[in-house]
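Each chain, written out:
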Number of protein chains: 2
Amino acid sequence: MPFDYIPPLLRDSSTKIVLLVMDGLGGLPIEAGGPTELEAAQTPQMDKLAAEGVLGQATPIRTGITPGSGPAHLALFGYDPLEYEIGRGVLESVGVGLEVRLGDVAARGNFCSLDDKGNISDRRAGRIPSEEAIPLVERLKSIEIPGVTTEVRHVKEYRFAVVMRGEDLHPEIHDTDPQRTGVPPLQATAHSAAAEPTAQLFNQWISKANQALADQPKANGMTLRGFSTDPRLPTFKDSYGLKAAAISVYPMYKGVASLVGMQVIDFQGEAPEDEFSALKKAWDDYDFFFIHIKKTDSKGEDGDFDGKAKIIEGVDQALPQLLDLKPDVLIITGDHSTPARMKTHSWHPVPFLLWAPAVVRPDDQNTFGERACGRGGLGDFPSMNTLPLALAHAGRLEKFGA
Amino acid sequence: MPFDYIPPLLRDSSTKIVLLVMDGLGGLPIEAGGPTELEAAQTPQMDKLAAEGVLGQATPIRTGITPGSGPAHLALFGYDPLEYEIGRGVLESVGVGLEVRLGDVAARGNFCSLDDKGNISDRRAGRIPSEEAIPLVERLKSIEIPGVTTEVRHVKEYRFAVVMRGEDLHPEIHDTDPQRTGVPPLQATAHSAAAEPTAQLFNQWISKANQALADQPKANGMTLRGFSTDPRLPTFKDSYGLKAAAISVYPMYKGVASLVGMQVIDFQGEAPEDEFSALKKAWDDYDFFFIHIKKTDSKGEDGDFDGKAKIIEGVDQALPQLLDLKPDVLIITGDHSTPARMKTHSWHPVPFLLWAPAVVRPDDQNTFGERACGRGGLGDFPSMNTLPLALAHAGRLEKFGA
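No experiment lies behind these values; they were computed from the predicted model shown. (Residues numbered from 1 in each chain as written. Chains lettered and ligands numbered in written order. Predicted model: local features only at pLDDT ≥ 70, side-chain atom pairs only at ≥ 80, totals over all residues. Heavy atoms only, no water.)

1. Notes on the nonpolar core
Core analysis: the largest hydrophobic core is formed by 59 residues, its most contacted members being Phe77(B), Phe236(B), Met262(B), Phe288(B) and Phe290(B). Beyond its immediate stretch of four places on either side in the chain, Phe77(B) contacts Leu19(B), Phe236(B), Tyr240(B), Val256(B), Ala257(B), Val260(B), Met262(B), Phe290(B) and Leu387(B). In this structure, Leu98(A), Met252(A), Val329(A) and Leu354(A) belong to the second largest nonpolar core, which totals 49 residues. (Core = buried A, V, L, I, M, F, W, Y, C linked by side-chain atoms within 4.5 Å. Buried < 20%, exposed > 50% of the residue type's maximum accessible area, 1.4 Å probe, protein only. Contact = heavy atoms within 4.5 Å.)

2. Re the relation of the copies chain A and chain B
In screw terms, the move from chain A to chain B is a rotation of 123° and a rise of 0.4 Å along the axis, fitting with an RMSD of 0.1 Å. Taken together, these values place the two copies in the relation of a three-fold axis. The two copies present different faces, since only 3% of the interface residues in chain A are matched by interface residues at the equivalent positions in chain B. (Least-squares fit on C-alpha atoms with pLDDT ≥ 70 in both.)

3. Comments concerning the interface of chain A and chain B
Listed as interface residues are 32 residues of chain A and, on the opposing side, 27 residues of chain B. In this assembly, chain A packs against chain B so that about 2,200 Å² is buried in total across both faces, 58% of it on carbon and sulfur atoms. In terms of surface lost to chain B, no three residues of chain A exceed Thr63(A), Ile65(A) and Trp347(A), which account for 24% of the buried area on that side. Connecting chain A to chain B are one salt bridge. Among the salt bridges present, the one from Asp364(B) reaches Arg375(A), with a minimum N-O distance of 2.0 Å. Put simply, chain A and chain B have eleven residue pairs in polar contact (both at pLDDT 80 or more) between them. Counting only elements with at least two residues in the side of chain A that touches chain B, the list comes to α3 (69-76), α4 (88-95) and α12 (370-374) of chain A. Tallied by class, the residues present in the side of chain A that touches chain B amount to twelve nonpolar, 13 polar and seven charged. (Buried area = accessible area lost by both parts, 1.4 Å probe. Salt bridge = Lys/Arg side-chain N within 4 Å of Asp/Glu carboxyl O. Polar contact = N/O pair within 3.5 Å; in protein donor to acceptor, adjacent residues only side chain to side chain. Helix = DSSP H or I, 4+ residues; strand = E, 2+ residues; numbered from the N terminus. Nonpolar A, V, L, I, M, F, W, Y, C, P; charged D, E, K, R; others polar.)

4. What to know about the sheet that holds strand β8 (residues 244-248) of chain B
Residues and elements named next belong to chain B. In space, the eight strands of this open sheet follow the order β9-β8-β10-β1-β11-β12-β2-β13, with mixed pairing throughout. Each of the sheet's edge strands pairs with one partner strand only, and the pair in question is β9 (263-264) and β13 (379-382). Where strand β11 (residues 329-333) lies against strand β12 (residues 350-355), four bridges are found, and the strand directions are antiparallel. What sits directly across from Ile 331, in β12, is Leu 354. Across the face of the sheet, helix α9 (residues 272-282) comes into contact with β1 (17-22), β8 and β10 (288-293) while running at roughly 170° to β10. Of the strands in this sheet, β1, β10, β11 and β12 touch helix α11 (residues 305-323), which is tilted by about 170° from β1. (Pairing = 2+ DSSP bridges. Axes fitted to C-alpha atoms, helices over the stretch in contact; angles between N-to-C directions.)

5. Here's the deal with the packing of aromatic side chains
By the definition in use, this model includes 25 aromatic pairs over all chains. Ring centres of Phe77(A) and Phe290(A) lie 5.0 Å apart, and the angle between their planes is 80°; this geometry places the pair in the edge-to-face category. Taken together, the residues Phe77(A) in the loop between α3 and α4 and Phe290(A) in strand β10 (residues 288-293) connect sequence positions 213 residues apart. Taken as a pair, Phe77(A) and Phe290(A) share a single burial class, namely buried. Considering the side-chain rings of Tyr286(B) and Phe289(B), the 6.1 Å spacing of their centres and the 80° angle between planes classify their relative orientation as edge-to-face. With respect to class, Tyr286(B) is no different from Phe289(B); both count as buried. Its guanidinium or amino end placed over the ring of Tyr250(A), Lys294(A) lies 5.6 Å from that ring's centre, counting from NZ or CZ. (Phe/Tyr/Trp six-rings, centres within 6.5 Å; stacked < 30°, edge-to-face > 60°. Lys NZ or Arg CZ within 6 Å of the ring centre and 35° of its normal.)

6. Describing helix α6 (residues 196-213) of chain B
Over its 18 residues, α6(B) runs 26 Å from end to end, which matches the ideal 26 Å to within 8%, given 1.5 Å per residue. Those residues of α6(B) lying buried are Thr198(B), Ala199(B), Leu201(B), Phe202(B), Asn203(B), Trp205(B), Ile206(B), Ala209(B) and Leu213(B). (Expected span 1.5 Å × (residues − 1).)

Printed below as a string of structure tokens:
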């Protein structure tokens, strides 16, 4: 349980909490003294919320640590990423929409190039493009191993994910990637006695896969890594008493949300307006809504400062749709920073806006931006405090002690 | 390991980090509404760095706790002083330039006055001045104990340090200081079976020392305290992947730096310019440079507000020498506060300036001073976060998780 003092304090409530996550929201100025992406964006709605609410800056994992998307979301949901870990195979699998149930074993796969002696000549199969890899993944889907079922899905370029389902499977299996060329891929070997049969099943699968790929000039072999299963995270219901829903365009975030017990909402479209429409439809059925906006991060990774600012402006323009639902608590933040200047995730703290009209203690900031958040009334705090703040402002926690 | 999640994230880099520590930097106004020492000092270089970089205030140990110099530096280096302890004997010994290897036993010594019954009449030998104590320490240097070697060095007034080296020595020995007068010094007694022979060796040494001091009117006896050995701190190389160098005029800080595996750089002179010249010479050979300026603390302890401000101004004037080397990350801070008004170390947080031109997220502060640091974008944080911040801004950490 992420906060073991919280479940005994939970009380019934009909209040609604919205956690609006703009992926990679935090940024940097392009030039000295200039604005960040969020500061440059015209965000009248968010600025009004900032004036009425309170700001702060959140550190996702630990000071100085740049988070991957999985750990960053775990932290936002209150699960310390140093304590709760989603295996790489599971993360890759849920990221492309594969289901990983408890007892399944998931792995990340790389196509690789093997020479005529069976040694790896390229660990990434010449980075074959997705168009070439997708038909190869189709071949892998048809492999059958007695006693188990496997699901395979393409990820990107030379990467794919595989999930094996059956009786008594165990994930304690070493990577088959030797991490260098000039040697053959390793056999799958178990590091627990219980996992030995599972390792043999994967070896059978790899062997059949290699046969299916034998005619390929580049992608004629594979390595598997990150064998793992459902991490059995405590659920939002048990941890926070919340019936929670997730609204996201990208499978990866749906996947992480489902691992903490959120219901993933199906909807059409990709725009913030579409996500907010889905929110409206689901409004009566849940207490807590996680809404994920991906493109702030994508534009940041592209180094597109103006594009990232525009995405933020698009969210701001759609915001009245969300506000019309009259949430009791609205938090607008990111999972981590992705400054366009750096074209990658970074360790910088994340702007955080908490709005809860009835009970928030306002500071004297009235714009939503990094510098304002650095002066905000919430101060600096770990992202893991997000849910306790949300529950408190939603009136969902009893007093501790008499 | 101070941050066990850091070593797996380290990546090779040629970036350079400078940690410039002005000892006891933090101060207080002399009169209500007035400036602190740092605020009063004219520091155009540091103010420019503050405008381009980000400020904050660092708490060395825990809120409200006034640090000694050893723990304060451990904290700056990332080692929680509540977890990692340098024994008092070791700290005193390395502070006067004695080497303490693993297996050596170091102790702090006090000369004391014994009456004709052998009872202590003054625990500090009438606070004899250094000039009187130095020749007595010379006498102690000539004591020989079969099977071990001893090194003795004068510290200040009635204080000295002794290090015993030999086979199978153990430091679990009680202080011989009874903490009161009218009774004789205690025998050295072990609190582990393994340390009993070591305690006897120290008793032999004390007995010969008392013979050598028998003709003295005041300093005719001694007590020993703080028996300890090399604390085996994790090294900077293992903890942070850094090849680290220490530039300091005072042995104590060289000693603490060497205990965490820094290479101590020899150089001539005492001025900031001399330290920065040493930095330039060592620049190509190391990744990380700890530069220690002592006199800010000394002036603070003297209650000399203007003198402390002048020392800060001297560092500022010399700073272009350092900046010409183009460090990737420069941190300017103190190990603790020593307000001239208080004439002693204090618990107040320490002004902290982080400058890293490529990747720092600036705040809107543009002077380096306590009030500005209290509004800075780094907020309030433990001094132990210094190295993670440095590594992140130096591009020396991989992303955590996918």
